[in-house]
Amino acid sequence: SDVSTASIIFGVPSVDTTITLPASTYPSGVATDSSGNTYVSLSSLNQIAVYDSSGTLQNTYGAGGAISCTNSAVNFGNPKGISVDSNGDIWVAEHSCHRVQKLDSSGNQLRVILVQDLLILMTLTLIQTEMHTLLTQVMHKYLNTVQVVLSYLNSWLYLTVQETTNQFPQKE
């Protein structure tokens, strides 16, 4: 096999597209949109390549070259994972910059999410979920305990009143 190229085969709804890339580009992520376009993250070039459904290169996103982790423009730092959502927006996970970028279908930056922000958000969500679960369990146990205590107190009070007054209900 030819080690200088890496073939990637994508299944899209209407056609299978074969794209051949130099192995030196280290293609590491692939996504397709609803129009059949294919997005490939090229890790060593710090770019995203966009191919149409026939496999023809249409565009590249990112300045390319050296890793750039600035948030003011579409630059990539070793892009790895890539996905396209139902709105056609492109999500790119970057290894070297420790972030996720959201781009529109034209490659314009819409949002930058730093990994530490994601971790904080995930941690807060986990804490909220765990606290809700814990509080639910405590309340459930508490309510059961209160019901048992009230039931016991009612029985004790009834028996105490009956014994004190010697007035037990009579059978008819």
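Heads up: these notes are all about the structure in this document. (Residues numbered from 1 in each chain as written. Predicted model: local features only at pLDDT ≥ 70, side-chain atom pairs only at ≥ 80, totals over all residues. Heavy atoms only, no water.)

Attention shifts here to the overall build of the chain. Secondary structure summary: the chain contains one helix and 10 strands in total. From first element to last, N terminus to C terminus, the chain shows the α and β order β-β-β-β-β-β-β-β-β-β-α. Nonlocal contacts in the chain, meaning residues at least 24 apart in sequence, comprise 27% of its contacts between residues at least 6 apart. (Helix = DSSP H or I, 4+ residues; strand = E, 2+ residues; numbered from the N terminus. Contact = heavy atoms within 4.5 Å.)

Pairing between the strands of a sheet is mediated by backbone hydrogen bonds and can be parallel or antiparallel. Taken in spatial order, the four strands of this open sheet run E3-E4-E5-E6, and their pairing is antiparallel. The strands lining the two open edges of the sheet, one partner per strand, are strand E3 (27-32) and strand E6 (57-61). Direction aside, the axes of adjacent strands within the sheet are offset by 20 degrees on average. Pairing analysis gives five bridges linking strand E4 (residues 38-42) to strand E5 (residues 47-51), with the strands arranged antiparallel. Counted as the bridge partner of Thr38 is Tyr51 from E5. (Pairing = 2+ DSSP bridges. Axes fitted to C-alpha atoms, helices over the stretch in contact; angles between N-to-C directions.)

To continue, consider the sheet that holds strand E8 (residues 90-94). Spatial ordering of the open sheet is given by E7-E8-E9-E10, a layout of four strands whose pairing is antiparallel. Since the sheet does not close on itself, it has two edges, and those belong to strand E7 (79-84) and strand E10 (109-114), each with one partner. Pairwise comparison of adjacent strand axes, ignoring direction, gives a mean angle of 20 degrees for this sheet. In terms of strand pairing, strand E9 (residues 99-103) meets E10 through five bridges, oriented antiparallel. Directly across from Val100, in E10, lies its bridge partner Ile113.

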